[in-house]
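Each chain, written out:
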Amino acid sequence: MARSFHVPALDRMAVGLSGLCVVHCLITVVFVALLSGAGTFLTNPLIHRFGLLGAILLAAFALGQGYLSHRALRPAVIGVTGIALMTLGLFAPHGWGEVAATVAGVCVLATAHLMNARARA
């Protein structure tokens, strides 16, 4: 006759907690490894310089074409302000000032592009 295997509730909870512990440990190691690699890559000054260069080129082309199309100067002026803030963020010491200038610049530049798109429509 086969014996039924009965695991009390506390033992099931303990096994479940052990499983969660294993998952937590493995995920933590992978997460920390990914973050340290991504942190090194994403904080590289070269990434920020190329990003700013790309923003300048794209803004010059898009806002310039928009001005030729609709003759509204406001989007271009606001776009230059956004680029200036982003440039300030690039040269600011690392910290909250850098983040504030960069994020503000990106938001101002995005606003300029939205204004440009609306003026072209």
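The structure contained in this document is the topic of the report that follows.

Scoring rules and cut-offs
- Residues numbered from 1 in each chain as written.
- Predicted model: local features only at pLDDT ≥ 70, side-chain atom pairs only at ≥ 80, totals over all residues.
- Heavy atoms only, no water.
- Helix = DSSP H or I, 4+ residues; strand = E, 2+ residues; numbered from the N terminus.
- Buried < 20%, exposed > 50% of the residue type's maximum accessible area, 1.4 Å probe, protein only.
- Expected span 1.5 Å × (residues − 1).
- Contact = heavy atoms within 4.5 Å.
- Core = buried A, V, L, I, M, F, W, Y, C linked by side-chain atoms within 4.5 Å.

### Observations concerning unusual backbone geometry
Part 1: The backbone phi angle of Arg71 is positive, close to 60 degrees, even though this residue is not glycine.
Part 2: Structurally, the position occupied by Arg71 is in the loop between α2 (45–70) and α3 (74–91).
Part 3: For Arg71, a relative accessible area of 53% gives the class exposed.

### Considerations on the environment of Val99
Part 1: The residue Val99 is located in helix α4 (residues 96–120) in this model.
Part 2: The sequence separation of Val99 and Gly89 amounts to ten residues, and the corresponding C-alpha distance is 6.6 Å.

### So, α4
Part 1: End to end, α4 covers 36 Å across 25 residues, agreeing with the expected 36 Å (1.5 Å per residue, within 8%).
Part 2: Here α4 has its buried residues at Glu98, Ala101, Gly105, Leu109, Ala112 and Asn116.
Part 3: Tucked into the core, α4 has its buried residues touching α2 and α3.

### Let's talk about the nonpolar core
Generally speaking, nonpolar side chains in soluble globular proteins are found buried as a group.
Part 1: In this structure, Leu52, Ala55, Ala59, Leu63, Ile83, Met86 and Leu109 together form the largest nonpolar core, which totals seven residues.
Part 2: With four residues, α2 is the single largest residue contributor to this core.
Part 3: Those residues within four positions of Leu52 in sequence are excluded, and the remaining contacts are Ile83, Met86, Thr87 and Leu90.

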